[in-house]
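Each chain is listed here by its residues.
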Amino acid sequence: MSGTQIDLKCRACDAPLSHTFVDLGTAPLCQRHVTPARFSHAEATYPQHVFVCTQCFLVQLPQYVNREEIFDDEYAYFSSFSDTWLKHAEDYVEKVIPRFGIGARSSVVEIASNDGYLLQYFKQRGVPCLGVEPTANTAAAAVAKGIPTVVRFFGAQTARDLRRERGPADLILGNNVLAHVPDINDLVAGMKILLGDNGVITMEFPVLSRLIENNYFDTIYHEHFSYLSFTTVRGLFAKHGITLFDVEDLPTHGGSIRIYGRHSTDASRPETANVQRVLQREKELGHFDLAYYDRFSERVKESKRKILDFLIGAKRDGKTVVAYGAPGKGNTLLNYCGIRTDFIDYTVDRSPHKQGNFLPGSRIPILDPSAIDRTRPDYVFILVWNLKDEVISRMGHIRNWGGRFVVPLPEIQVLD
Ligand SMILES: [Zn+2]
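Residues numbered from 1 in each chain as written. Predicted model: local features only at pLDDT ≥ 70, side-chain atom pairs only at ≥ 80, totals over all residues. Heavy atoms only, no water.

Participant: Would you take a moment to explain the overall build of the protein for this structure?
Facilitator: Per the secondary structure count, the protein includes 13 helices and 17 strands. Relative to the 2.2 N^0.38 estimate, which gives 22 Å for 416 residues, the radius of gyration of the protein is 21 Å and therefore close to what a compact globule would have. A total accessible area of about 16,600 Å² is found for the protein, and carbon and sulfur atoms account for 51% of it. Averaging the locations of the 47 positively and 49 negatively charged side chains of the protein gives two centres separated by 2 Å. (Helix = DSSP H or I, 4+ residues; strand = E, 2+ residues; numbered from the N terminus. Rg over C-alpha atoms; globule rule 2.2 N^0.38 Å. Areas by Shrake-Rupley, 256 points an atom, 1.4 Å probe, with all protein chains shown as cover. Lys, Arg positive; Asp, Glu negative; His and termini not counted. Charge placed at Lys NZ, Arg CZ, Asp CG, Glu CD.)

Participant: How should I be thinking about helix α11 (residues 328-337) in this particular structure?
Facilitator: In an α-helix, one full turn covers 3.6 residues, which means residues spaced three or four apart are oriented alike. Burial of α11 is extensive: 9 of the 10 residues sit out of reach of the surface. The complete set of buried residues in α11 reads G328, K329, G330, N331, T332, L333, L334, Y336 and C337. (Buried < 20%, exposed > 50% of the residue type's maximum accessible area, 1.4 Å probe, protein only.)

Participant: What am I meant to see in the coordination of the zinc ion here?
Facilitator: Six octahedrally arranged donors around a metal ideally form angles of 90 or 180 degrees; four tetrahedrally arranged donors ideally form angles of 109.5 degrees. Protein coordination at the zinc ion: the donors are C10 (SG), C13 (SG), C53 (SG) and C56 (SG), at 2.3 Å from the metal. Coordination at the zinc ion is tetrahedral, judged from the 4 donor atoms that bind it and the angles of 102 to 115° they form at the metal. If you list the donors of the zinc ion from N- to C-terminus, the spacing comes out as C-x2-C-x39-C-x2-C. One end of the pair, C10, is in the segment before β1 (19-27); the other, C56, is in the loop between β2 (46-52) and β3 (59-60), with 46 residues separating them in the sequence. Assigned by exposure class, C10 and C56 land together as buried. (Donors = N, O, S within 2.8 Å, 3.2 Å for Na, K, Ca; no water. Tetrahedral: all angles 85-135°; square planar, octahedral: opposite > 155°, others 65-115°.)

Participant: What should I look at first to understand the nonpolar core in this one?
Facilitator: Counting 61 residues, the largest nonpolar core has F21, I339, I372 and F381 as the members making the most contacts within it. Counting residues per element, this core draws most heavily on helix α10 (residues 290-316), which supplies 9 residues. Setting aside chain neighbours within four positions, we find F21 in contact with V50, F51, V52, V59, L208, L211, I212, I220, Y293, F296 and S297. Among the nonpolar cores identified, the runner-up in size contains 46 residues, and V132, A159, L236 and L244 belong to it. (Core = buried A, V, L, I, M, F, W, Y, C linked by side-chain atoms within 4.5 Å. Contact = heavy atoms within 4.5 Å.)

Participant: Help me understand the packing of aromatic side chains in this model?
Facilitator: Under the counting rule described, the total for this entry stands at 13 aromatic pairs. A ring pair is formed by F57 and Y293, whose centres lie 6.1 Å apart and whose planes are at 20°; its orientation type is stacked. With a gap of 236 residues between them, F57 in the loop between β2 and β3 and Y293 in helix α10 connect regions that are remote in the sequence. Ring geometry for Y292 and Y293: centres 5.1 Å apart, planes at 70°, overall edge-to-face. In this pair, the class of Y292 matches that of Y293, namely buried. Taken together, the ring pairs in this structure connect F21, F57, F288, Y292, Y293 and F296 into an aromatic cluster. (Phe/Tyr/Trp six-rings, centres within 6.5 Å; stacked < 30°, edge-to-face > 60°.)

Participant: Looking at this model, I keep getting lost on the packing of helix α5 (residues 156-166) against helix α6 (residues 184-194). Mind explaining?
Facilitator: Helix packing for two helices is described by the angle between their axes and how far apart those axes are. Between α5 and α6, the shortest axis-to-axis distance is 7 Å and the interhelical angle comes to 15°. As summarised for this structure, α5 and α6 are arranged roughly parallel, according to the angle between their axes. As α5 runs across α6, the sense of the crossing is right-handed. Residues A156, A159, R160, L162 and R163 of α5 touch α6, and the partners they reach there are D186, G190, I193 and L194. (Axes fitted to C-alpha atoms, helices over the stretch in contact; angles between N-to-C directions. Parallel < 35°, antiparallel > 145°, perpendicular 65-115°, else oblique. Left-handed = near helix turned anticlockwise from the far one by under 90°.)

Structure representation (structure tokens):
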């Protein structure tokens with residue numbers, strides 16, 4: 001497939017799209033776990049062919065699937081089942097409240113607020129907040145915690161309605177939402193509309209330079225429409241009248257950044273030195289050089305060969321291998337590498353919403369973590385590598401029977 005055969009355009013700048021970043025073949029939607037009732041049914045698969053725009057350098061997966069199909073009521077991602085992520089959310093709230101003078105008379109709006117995992121910390125501190133969340137089941141979990149939540153996709157129209165009904169926002173935040181929205185211009189336009197005169201926007205997203213550096217190709221899946229650099233995002237926000245005045249590096253999701261935006265007309269918040277520092281870093285890495293993007297594709301193919309080398313060797317030696325976690329990214333890795341129950345007996349996940357189902361595509365069963373204690377496998381293949389330390393500390397007792405942890409990326413590694 002190339003841009004000459006199907007008419008693809010960059011979602012940020014509308015330039016024609018034809019330069020491949022990486023082609024991972026086709027796969028089913030990675031959060032669509034197969035229930036026992038659906039086990040004998042077919043699964044729809046969609047391309048995972050990612051392009052880089054040669055004009056604005058936005059790396060992007062064209063919208064092969066409409067978003068209502070992805071983020072429907074069966075969407076299985078509940079943020080609150082990770083201790084690491086909850087801690088990260090609470091730390092953010094403790095930091096941002098004093099920095100921007102957020103208090104009992106402020107209005108905080110979170111876009112894609114999930115099950116209220118973050119807003120609960122504002123609520124605990126007496127700050128009025130509102131979640132905007134398109135998936136009804138996660139929104140219901142937030143409402144059960146006492147967090148007001150509107151079940152909608154966020155964009156210009158939602159922003160106009162919210163501003164009319166509730167007034168402007170002093171803080172708009174969105175973590176891991178910028179990458180998940182096909183119409184990225186509509187999302188930024190919406191934030192511009194809802195933001196109060198001296199309000200602040202903060203957003204976190206995995207940064208492209210770390211994806212490339214660490215070979216995290218498994219973070220590419222249909223829910224992630226865009227793979228973002230600071231340089232490209234800054235240009236996008238500027239087009240909508242929002243200046244990014246600060247940026248910081250975060251360890252989450254294998255390497256993220258948090259951006260801070262304000263109205264371009266708001267002179268009260270000067271640009272920090274971090275902005276030029278990160279722009280310069282991306283330029284030096286090769287942000288404006290297509291060869292930088294081309295090298296990634298070759299590295300991905302080699303890591304597939306290495307992962308299969310390990311699994312083939314382990315099985316020939318009569319070892320048992322199970323996985324830990326049922327994250328979206330695990331499915332990209334398993335499906336791209338062609339790994340099924342021929343290599344991995346089962347995976348485990350703490351979320352009861354996932355247990356009893358099967359991973360999409362690979363059809364690997366998802367069990368409760370106690371299955372590992374019953375079956376005592378030789379290897380535990382950690383699909384949730386971003387929560388590796390948490391998994392190792394929780395499951396360290398596998399070493400009592402000689403079990404070892406395996407981390408697939410950046411390079412497959414058996415931990416001692
Ligand atoms: Zn573009």
